[in-house]
Structure formats: structure tokens, C-alpha cells
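# Notes for the structure review
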Amino acid sequence: MKREELNDLAVFLAVAEARSFTRAAAKLGTSQSAISQIVKRLETGMGIKLLTRNTRNVAPTEAGEQLVATLRPAFDEIDARLSALSALRERPAGTVRITSSRHAAEAILWPAVSKLIRAYPDVTVEISIDSHLTDIIGDRFDAGIRLGEQIEKDMIAVRIGPELRMAVVGAPSYFATHGRPGTPQELTRHACINIRMQTRGGLYAWEFGKDGRDLNVRVEGPVIANDVPMVLLAAADGLGLACVLEDQAQALLEAGQLERVLDDWCPPFAGYHLYYPDRRQLPPAFSLLVNALRYRG
């Protein structure tokens with residue numbers, strides 16, 4: 001059915017129920033002559049008289065009564081469905097799919113999701129843990145979480161966490177035997193636990209900076225892992241130094257199982273951001289999650 005035909009039926013229903021062209025015109029916010037033309041067009045198209053008219057009254061014919069009986073439940077159903085859609089704006093529902101690294105998911109995403117799903121039980125959040133640079137459009141995710149420097153320029157990025165810092169750590173037993181490096185260059189003389197990058201497949205080059213000078217150091221050692229907990233386990237066991245995010249090593253530092261070196265060579269850098277494609281109107285559930293994650297520090 002064409003949009004014009006649906007509109008004509010709605011006008012007819014208004015006239016038939018009001019029993020007046022004047023009252024129907026006032027209700028619809030249009031002129032009496034315009035409504036008269038619409039009804040005439042509808043009758044011509046259907047080939048049957050729908051309304052009887054005189055100077056005092058307008059009344060449906062038998063065919064008009066049958067059409068009213070057909071249209072009223074249909075329009076009531078449409079109104080009910082539209083009201084239900086409006087309710088979704090007031091009571092968000094639906095599924096939000098997000099891809100994230102494990103660290104970002106545990107440190108930032110989960111606290112926000114936990115509160116959100118308790119407040120809005122009709123919202124479902126699907127979390128995919130993946131350290132690769134996922135194509136969120138191709139893989140049909142609503143959004144992803146990555147470090148700010150890894151986000152494509154054509155994406156909308158929302159900062160969701162504080163700046164981060166790296167930490168070079170080692171076990172007290174390691175330092176007792178091998179001493180402490182005073183500069184990043186001295187790391188080449190130490191055993192280091194390498195991290196295999198899941199995003200690119202290569203080994204992570206330890207990144208440093210001081211007084212406006214950036215420095216990357218390629219290290220070597222007895223263990224290579226693609227999992228930070230395993231890297232920390234090897235470091236705590238005294239097998240070498242590790243370079244991880246500061247908060248990943250915090251518990252072991254506080255417990256005295258690890259100690260930190262080269263602190264002054266580890267400047268802060270851009271933290272985690274939520275990124276998603278440009279959309280003019282975001283689904284209510286997704287908008288809620290964006291607002292819950294937005295960093296306000």
C-alpha cells in the first residue's frame with residue numbers, strides 16, 4: 001500500500017467517526033475542502049460510495065461501516081506498536097556487542113556493564129575478548145575498546161579511562177644476582193621476558209621516554225609469552241625483567257614479589273577509548289553504555 005493511500009484511509013476514518021467534515025478537519029489540522037477531495041478520491045478509486053452527506057450530517061454507508069470496522073482495529077494496532085517503540089526509548093532494551101582486550105574489559109568495561117545490566121534488565125551486553133585490532137563493522141560489533149593511539153581516524157572515539165603507564169619490574173632475587181638497570185640501554189645486558197604481540201604477531205619493543213626523547217629497546221631473554229599473567233609469573237619467579245602496564249603489576253609490587261626500575265623512563269600515554277562508527281542516532285541501550293563508560297576524571 002502506498003503512503004498516500006494509507007493517509008486517505010486515515011482521513012476517511014476520522015470523518016466517519018466524527019460524522020462531520022468540519023470536526024475531522026479541525027482534528028487533522030487541515031481544511032474541510034482538502035478532506036472532501038481526499039474522500040472523493042478514495043471513493044473513486046474503490047468504485048463505491050462510503051459516506052452519505054446532507055446539510056446536517058455525514059454518515060457512513062453500509063460499505064463505509066464495513067471499512068470502518070476493518071480500519072479501526074488496524075489503526076489501533078499501529079498506535080499500540082508505535083507506543084511500544086516509544087517505550088523502548090524510555091526503557092532501553094536490546095543487545096550491545098563490544099570487542100575488547102582482557103585488561104580493558106576487566107579494569108574499565110566490566111564495572112560499567114555490571115551496573116548497567118542491574119539498572120536495565122532488558123539490556124544484554126555481549127563482550128568478546130580479543131587483543132587483535134578487530135574490524136568492528138565487518139564483524140558486526142557495535143563498538144570496540146582499544147588504546148587511543150590504535151584507533152582509526154574515521155571512528156568516533158570516546159575516552160573511557162585515565163592515562164596509562166608502563167612498568168619495568170623484576171623479582172628481588174633477580175636484582176640481588178644481576179643488579180638494576182639505570183637506563184633503558186642497559187636492558188640489553190639483562191634477561192627479559194618478551195611479550196608476543198597478538199595484534200601484529202611480533203615481539204613487543206619496550207617503549208620509553210624522557211625529557212622529550214623517545215626510545216624503543218629490543219630485549220632478549222629465556223621466556224616469550226603472549227599472556228601478561230604468564231609474563232608476570234616468570235618475572236616473579238626471578239627469570240628476568242618484564243615490561244607491563246603499571247596496574248597489571250600493582251598487586252605483585254605491593255606484595256613485595258616484584259620491584260620496579262626505570263620509573264623515570266615510563267611517561268604516561270593515552271589510555272583506553274571506546275570507538276564506533278559515526279551514527280546519527282544511537283540505539284538507547286548503546287547510548288547508555290557510552291555514557292556509563294565516558295571518563296570524567
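This report concerns the structure included in the present document.

Criteria and thresholds
Throughout, a residue's number is its position along its own chain's written sequence, starting from 1. Given that this is a predicted model, residues contribute local features only at a pLDDT of at least 70 and side-chain atom pairs are listed and counted only at 80 or more, while totals for whole chains, interfaces and linings are drawn from all residues. Excluded from the side-chain calculation are hydrogens and water; included are all heavy atoms of the structure. Helical segments are the DSSP runs of H or I of at least four residues, strand segments are the runs of E of at least two, and each set is numbered from the N terminus. Residue burial is assigned from relative accessible area. The probe radius is 1.4 Å, only protein chains are included, and a residue is buried under 20% of its type maximum, exposed over 50%, and partly exposed in between. Contacts between residues were defined by any pair of non-hydrogen atoms, one from each residue, lying within 4.5 Å. What the arc measures is the spread of directions leading from the helix axis to the C-beta atoms. Between the N-to-C directions of two axes lies an angle of 0 to 180 degrees, each axis being a line fitted to C-alpha atoms and, for a helix, fitted only over the stretch in contact. For classification, angles of less than 35 degrees are called roughly parallel, those exceeding 145 degrees roughly antiparallel, those between 65 and 115 degrees roughly perpendicular, and all remaining angles oblique. Each helix crossing is assigned a hand: it is left-handed if the near helix lies turned anticlockwise from the far helix by less than a right angle, otherwise right-handed if that turn is clockwise. Any residue that is not Ala, Val, Leu, Ile, Met, Phe, Trp, Tyr, Cys, Pro, Asp, Glu, Lys or Arg is counted as polar, Gly included; the first ten are nonpolar and the last four charged. By this definition, two strands are paired if DSSP reports at least two bridges between them. Two distance rules govern patches: like charges are joined within 9 Å, and nonpolar side chains (Val, Leu, Ile, Met, Phe, Trp, Tyr) within 5 Å, applied only to residues with over 30% relative accessible area and no salt bridge. Each accessible area is a Shrake-Rupley result for a 1.4 Å probe, and residues are judged covered by the shown protein chains and nothing else. We define a salt bridge as a side-chain nitrogen of Lys or Arg found within 4 Å of a carboxyl oxygen belonging to Asp or Glu. What counts as a ring pair is set by centres within 6.5 Å for rings of Phe, Tyr and Trp (its six-membered ring), and what kind of pair is set by the plane angle: stacked under 30 degrees, edge-to-face over 60, tilted for all other angles. Look at NZ for Lys and CZ for Arg. If either is within 6 Å of the ring centre and within 35 degrees of the ring normal, a charge sits over the ring.

This paragraph deals with the environment of I129. Structurally, I129 is set in strand β4 (residues 123–129). For I129, a relative accessible area of 40% puts it in the partly exposed group. A sequence separation of 29 residues divides I129 from S100, and the C-alpha atoms of the two residues are 5.2 Å apart. Beyond its immediate stretch of four places on either side in the chain, I129 contacts S100, S101, R102 and A105.

Further remarks concern helix α9 (residues 284–293). For α9, the full list of buried residues reads A285, F286, L289, V290 and L293. The buried residues of α9 all sit within an arc of 140° when viewed along its axis, so they share a single face.

Further remarks concern the packing of helix α5 (residues 102–119) against α9. Relative to each other, α5 and α9 sit at 125°, their axes nearing to 9 Å. Looking at the two axes, α5 sits oblique to α9. Once α5 is placed against α9, the crossing between them reads as right-handed. Residues I108, L109, A112, V113 and L116 of α5 form the contact with α9, whose own contacting residues are L288, L289, A292 and L293. A per-class count over the contact of α5 with α9 returns 9 nonpolar, no polar and no charged.

Within the open sheet, the 5 strands sit side by side as β4-β3-β5-β14-β6. Their pairing is mixed. Where the open sheet ends on each side, the last strands, each with one partner, are β4 and β6 (156–159). Direction aside, the axes of adjacent strands within the sheet are offset by 25° on average. Along the sheet, α5 makes contact with β3 (94–100), β4, β5 (143–147) and β14 (272–276), crossing β4 at roughly 175°. Relative to β14, α9 is tilted by about 160°, and along the sheet it contacts β3, β4, β5, β6 and β14.

Together, W110, I117, I127 and I129 give the surface a local cluster of nonpolar side chains, amounting to about 330 Å² of exposed area. Contributing elements (two or more residues each) for the nonpolar patch: α5 and β4. As for its placement among the helices and strands, I117 is situated in helix α5. Judged by its relative accessible area of 32%, I117 falls in the partly exposed class.

Moving on, we get to the packing of aromatic side chains. Considering all chains together, one arrives at 2 aromatic pairs under this definition. Between Y174 and F175 the ring centres are 6.0 Å apart and the planes differ by 75°, which places this aromatic pair in the edge-to-face class. In this structure, Y174 and F175 share a single accessibility class: buried. Centre to centre, the rings of Y276 and F286 are 5.1 Å apart; their planes meet at 90°, and the pair counts as edge-to-face. Of this pair, Y276 sits in strand β14 while F286 sits in helix α9; the two residues are 10 residues apart in sequence, bridging distant segments of the chain. Across this residue pair, the class does not change: Y276 and F286 are buried. Its end group placed over the ring of F141, R97 keeps NZ or CZ at 4.2 Å from the ring centre.

Bringing the pattern of salt bridges into the picture now. Scanning the model with the defined rule gives 13 salt bridges in all. Notably, a salt bridge pairs D263 with R165, separated by 3.0 Å at the nearest N-O pair. With D263 in the loop between β13 (259–261) and β14 and R165 in the loop between β6 and β7 (166–170), the pair connects residues that are 98 residues apart, well separated along the chain. Note that E246 is salt-bridged to R260, the shortest N-O span being 2.7 Å. Of this pair, E246 sits in helix α8 (residues 246–254) while R260 sits in strand β13, placing them 14 residues apart in sequence. On the basis of relative accessibility, which here comes to 24%, the residue E246 falls in the partly exposed class. Look at R260 and you get partly exposed, because its relative accessible area is 23%.

An order of β12-β7-β13 is seen for the 3 strands of this open sheet, with the pairing classed as antiparallel. Of all the strands in the sheet, just β12 (242–245) and β13 have a single pairing partner and so form its edges. For this sheet the average axis-to-axis angle between neighbouring strands, irrespective of direction, equals 50°. Bridge count between β7 and β12: 4 bridges; the pairing is antiparallel. Pairing of V168 across the sheet is with C243, part of β12. On the sheet, helix α7 (residues 228–236) packs against β7 and β12 and is oriented at approximately 140° with respect to β12.

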